[in-house]
Number of protein chains: 2
Amino acid sequence: VAEKQYLITPGPTPVPPEVAAAIAQPVVHHRSPDFKALLSDVLAGLQRVFATQNPVLLMTASGTAAMESAVVNLLGRGERAVVASAGNFGERWAAIAEAHEVEVVHLRGEWGERLDPDTIATAVGGCGARVVFVTHSETSTGVVNDVQAIAAALRPAGAMLVVDAVSSLGGIPLMTDLWGVDVVVAGSQKALMTPPGLAFASISERARAAAAGGGQGRFYLDWEAGLRAQEKGQTAFTPAVGLVQGLAAALELIERRGIDRIWAHNRRLAQAAREGVRALGLELFSPDDDSSAMVTAVRMPDGLDGQEVYARLRDRYHVVLAGGQGPLRGQIMRIGHMGDMDEFAIVTALAGLGLALHELGYGGASPGAGAARAVEVFASAEAP
Amino acid sequence: VAEKQYLITPGPTPVPPEVAAAIAQPVVHHRSPDFKALLSDVLAGLQRVFATQNPVLLMTASGTAAMESAVVNLLGRGERAVVASAGNFGERWAAIAEAHEVEVVHLRGEWGERLDPDTIATAVGGCGARVVFVTHSETSTGVVNDVQAIAAALRPAGAMLVVDAVSSLGGIPLMTDLWGVDVVVAGSQKALMTPPGLAFASISERARAAAAGGGQGRFYLDWEAGLRAQEKGQTAFTPAVGLVQGLAAALELIERRGIDRIWAHNRRLAQAAREGVRALGLELFSPDDDSSAMVTAVRMPDGLDGQEVYARLRDRYHVVLAGGQGPLRGQIMRIGHMGDMDEFAIVTALAGLGLALHELGYGGASPGAGAARAVEVFASAEAP
C-alpha cells in the first residue's frame with residue numbers, strides 16, 4: 001500500500017532534501033542585500049558548472065524561454081540561421097526560429113542519429129548563416145551530440161554556435177570556453193537537481209555584442225537588460241527567489257561531490273542501465289557509449305505498447321519513467337541518469353520495467369534479470 | 001540578537017507555512033496524472049479569484065512576461081495601442097509595447113494621480129486603437145485605478161482592455177467578467193501568497209480570437225499554444241511544478257478565508273496604517289480611500305533621505321519595507337498590505353518606522369505614536 005514515488009525520468013529529476021529545505025526558507029526580497037549575496041554566489045557557481053568566464057544570465061522561466069532568448073537576441077526577421085536536429089528538442093530550435101521569421105536552413109537527421117559536424121560546417125559555408133543551433137543531449141532519443149567537434153568544424157567560418165544543454169549541463173562534460181561555444185542554454189530541473197522554473201544562458205562577448213546591435217523585439221528575454229541588472233547584483237525582473245535559494249544549495253552539493261565525479265557517476269549508471277536492459281532481452285534505442293550518459297532509451301518489444309508499459313509502471317509501482325515523444329511515442333521507454341540519481345534508482349527502474357513487462361505478457365527474460373545484471377555491473381567497478 | 005525578518009513590502013509577500021510546505025513536497029512529473037489533477041484544481045481556483053469564466057493561462061515567469069504576452073499576442077508591429085500610466089508599472093506597458101514596435105499613444109499622468117476614464121476613452125476614439133493597457137494597483141505610488149469605470153468608458157468604442165493586476169489580484173475587488181475586462185495579468189507573489197515565479201493571464205474570447213489571427217512572433221508566450229495544452233490538462237512547457245503545488249495550497253487558504261473577507265481585511269490594514277502614519281506626523285503620498293488598499297505610500301519628512309530610513313529599518317530591525325522607485329526614490333516609503341499580512345505586521349511596520357525615524361533625528365512625533373494609533377484603529381472595529 002506504500003505510494004512512495006520514484007521519479008527516474010530525464011527531468012524533472014528528484015530534488016535532494018537539502019535543496020527542498022532551502023526552497024522552503026522564508027522569501028527574501030529580491031532587491032535586498034541578502035538576495036544580492038545569494039545571486040552573486042549562484043552566478044559564480046553557474047559559471048563553474050558552465051566552465052565559462054562569460055556571464056550566465058538567470059531567467060525565471062522554462063528552458064524553452066532561454067532557447068527563445070538566443071533566437072530573438074541574435075537574429076532579426078529574415079536573417080538566416082542553421083538548425084541541425086535529430087529529435088524533438090532539435091525540432092524546437094527550428095519551431096522557435098520560424099515563429100520569429102528567421103530563415104531557417106534545417107538539417108534534419110534521423111531520430112536516434114548523431115549530428116555530423118562536417119555536414120553542419122558545409123551548410124554554414126554554403127548559406128552564410130551567422131548562427132547555428134544544436135542540441136547537446138537530445139533527450140527524446142538519448143543521443144549526445146559531439147559539441148566539441150561541431151564547434152571546431154564551425155571555427156573557420158566564424159559562425160556563432162548556440163547549444164541547448166537543458167538536459168546535459170552538469171551531467172556530462174561541456175567545456176563552454178575551451179570548446180568555443182558562444183551560447184549555452186540550460187534549465188534548473190535536470191542535472192542541476194532543482195525544481196523547474198529557472199533557465200540560464202551563458203553569453204560570449206561576441207554574442208553579447210551581436211545582440212546589443214541586432215536581434216528583434218524582446219523585453220523579458222532581453223540579454224543586455226538582464227546582464228546589466230546582474231552586474232548591479234540584481235535581476236531585471238522579480239525572480240523566483242525560492243528556486244534561486246534551492247539552486248544555491250544544489251550548486252553547493254555539486255561542488256562538494258565534484259563535477260568530474262558526477263560525470264563518472266552518470267556514466268556508471270548509464271552503463272549498468274544498458275547492460276540491465278540487454279539482460280532483459282531488450283534492445284537499446286540510444287547509442288551505448290560513454291558520452292551519451294544522460295538517458296537510456298529502450299525499444300519496447302514488438303507487440304507491446306510503450307505507453308501501456310509506462311502507465312503500468314506508474315500506476316501499479318509508482319515508478320515514473322519517460323515514454324517516447326513524437327514519432328517515438330509508444331515505441332521506446334526512457335530511463336534518466338542525471339541529477340540526484342543513484343545505483344538503487346537504476347536497479348529500481350530495471351526491476352519495475354521487468355515486473356511491468358512480465359505482467360503485460362513479455363516472456364523474453366526473467367523479470368529480475370535486468371536488476372541482477374545492474375547490481376553485477378556496480379559490483380564489478382568501484383564507485384567514482 | 002534575533003534576526004527574524006519582517007517582509008512588509010508590496011511583494012514578494014511572506015509565504016504562509018502551508019504554502020512553503022507544499023512547495024517542498026517531492027517534484028511531481030509535469031506529464032503525470034497527478035500533475036493534471038493539480039493543474040485542473042489550480043486553474044479552477046484561479047478563475048474564481050479572477051472572477052472570470054475565461055480561461056486563465058499559467059506561465060512560468062515573472063509578471064512582466066505575462067504583460068509582454070498580452071502585447072505580442074494582441075498587437076502586430078506598427079499597430080496602435082493606448083497606454084494610460086501614472087507610475088513605474090504603467091511605464092512598463094509602454095516600454096514593452098515600444099520594444100515590440102507597437103505605435104504607442106501614451107497618456108502619461110502625474111505619479112500619484114488616478115487615471116481618468118474619460119480621457120482614455122477620448123484618446124481611443126481619436127486614434128482608433130484596438131487595445132488599451134492600464135495598471136490596476138500602481139504599486140509605485142499606492143494608487144488603485146478605477147478599472148470598472150475605465151472598462152465602462154471604453155465599451156462604446158469596443159477597444160479591448162488589458163489590465164496589469166500583478167499587485168492587486170486577490171487583494172481588492174477585480175470583477176473581470178462583470179466589468180468586461182478582456183485580459184487581466186497577474187503574478188504569484190503578491191496577494192496570492194506564493195513565491196515569485198508564476199504569472200497568469202485571463203483571456204476573453206475576443207482577445208483569444210484576436211491573438212489567434214494577429215499579434216507578432218512569439219513562442220514561449222504564445223497564448224493559443226498555452227491554452228490548447230491546458231485544455232489537455234498540461235502546460236506547453238515544463239512548469240515550475242513546486243510553485244504550482246504551493247499555489248494550490250494558497251488558493252485553498254484564500255477559499256477558506258473567503259475573498260470578500262480578505263478584501264475587507266486589507267482595507268482595515270490600510271486604514272490602520274494610514275492613521276498610524278499621520279499619528280507619526282507624516283504625510284500620505286497614496287490616496288487615503290477604501291479602494292487603494294494594497295499599499296500605503298508615505299512621504300518622508302523634509303531633509304531625511306528615504307533610502308537611509310529604508311536601510312536603517314532593514315539592517316537594524318530586519319523590517320523590510322519598500323522605498324520609492326524612479327523619480328520617487330528617497331522621497332517615499334511603502335508599506336504593503338496584501339497577502340499573508342495581519343494586524344501585527346502593520347503595528348511592526350509603524351513601530352519600526354517610528355524607531356528608525358527617531359534614530360535619524362526626526363522629532364515630529366513620539367516614536368510609538370504610529371503603532372499606538374494603529375492598535376486603536378484595530379480596537380475600534382471588529383475584524384471582518
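Preceding this paragraph is the structure being described.
Report on the accompanying structure.

Scoring rules and cut-offs
- Residues numbered from 1 in each chain as written.
- Chains lettered and ligands numbered in written order.
- Predicted model: local features only at pLDDT ≥ 70, side-chain atom pairs only at ≥ 80, totals over all residues.
- Heavy atoms only, no water.
- Pairing = 2+ DSSP bridges.
- Helix = DSSP H or I, 4+ residues; strand = E, 2+ residues; numbered from the N terminus.
- Axes fitted to C-alpha atoms, helices over the stretch in contact; angles between N-to-C directions.
- Contact = heavy atoms within 4.5 Å.
- Buried < 20%, exposed > 50% of the residue type's maximum accessible area, 1.4 Å probe, protein only.
- Arc of directions from axis to C-beta.
- Least-squares fit on C-alpha atoms with pLDDT ≥ 70 in both.
- Polar contact = N/O pair within 3.5 Å; in protein donor to acceptor, adjacent residues only side chain to side chain.

**Some details on the sheet that holds strand 9 (residues 183-187) of chain A**
Residue and element names in this part refer to chain A.
Move 1: Spatial ordering of the open sheet is given by 2-10-9-8-5-3-4, a layout of seven strands whose pairing is mixed. The outermost strands of the open sheet, each flanked by one partner alone, are strand 2 (56-60) and strand 4 (103-108). Ignoring strand direction, the axes of neighbouring strands in this sheet form an average angle of 20°.
Move 2: In the packing of helix 4 (residues 88-99) onto the sheet, the strands contacted are strand 3 (80-85), strand 4, strand 5 (131-135), strand 8 (160-164) and strand 9, and the crossing angle to strand 4 comes to about 165°.
Move 3: Sheet strands in contact with helix 9 (residues 223-231) are strand 2, strand 9 and strand 10 (198-203), and its direction is about 105° off that of strand 2.

**Re helix 8 (residues 205-212) of chain A**
One full turn of an α-helix is made of 3.6 residues, so residues set three or four places apart face in the same direction.
All names here are of chain A.
Move 1: Taken together, the buried positions of helix 8 are Ala-207, Arg-208 and Ala-211. For helix 8, the buried positions fall inside an angular range of 100° around the axis, keeping them on one side. When the buried face of helix 8 is taken as reference, the exposed residues oriented beyond 90 degrees from it are Glu-205, Ala-209 and Ala-212.
Move 2: Taken together, the buried residues of helix 8 touch helix 3 (63-74), strand 8, strand 9, strand 10 and helix 9.

**What about the relation of the copies chain B and chain A?**
Move 1: Relative to chain A, chain B is turned by 180° and slid 0.0 Å along the rotation axis, the superposed coordinates differing by an RMSD of 0.0 Å. The two molecules are tied by a two-fold rotation axis, judged by turn and shift. Scanning chain B for the C-alpha nearest the rotation axis identifies Ala-61 of chain B, at a separation of 2.4 Å.
Move 2: In this assembly, 98% of the residues forming the interface of chain B have copies in chain A that are likewise at the interface, indicating an isologous arrangement.

**Details of helix 9 of chain A**
Residues and elements named next belong to chain A.
Move 1: If you check which residues of helix 9 are buried, you get Trp-223, Glu-224, Gly-226, Leu-227, Ala-229 and Gln-230.
Move 2: The secondary structure elements touched by the buried residues of helix 9 are helix 2 (33-50), strand 2, helix 3, strand 9, strand 10 and helix 8.
Move 3: You can read the cap of helix 9 off the contacts: a side-chain oxygen lies 3.0 Å from the backbone nitrogen of Ala-225, and it is on Asp-222.

**Side note on unusual backbone geometry**
Working note: non-glycine residues mostly have negative phi, and peptide bonds are mostly trans.
Move 1: Of note, the bond from Gly-11 of chain A into Pro-12 of chain A is cis; its omega dihedral lies within 30 degrees of zero at -5°.
Move 2: Within the fold, Pro-12 of chain A resides in the loop between strand 1 (6-7) and helix 1 (17-23).
Move 3: The backbone of Met-193 of chain A shows a phi angle near 60°, a positive value even though the residue is not glycine.
Move 4: Note that Met-193 of chain A resides in the loop between strand 9 and strand 10.
Move 5: A residue is classified by how much of its surface remains accessible, and Met-193 of chain A, at 2% relative accessible area, is buried.
Move 6: The phi torsion at Glu-101 of chain B lies on the positive side, around 60°, for a residue other than glycine.
Move 7: Its place among the elements puts Glu-101 of chain B in the loop between helix 4 (88-99) and strand 4 (103-108).
Move 8: According to the relative accessible area criterion, Glu-101 of chain B is partly exposed, its value standing at 42%.

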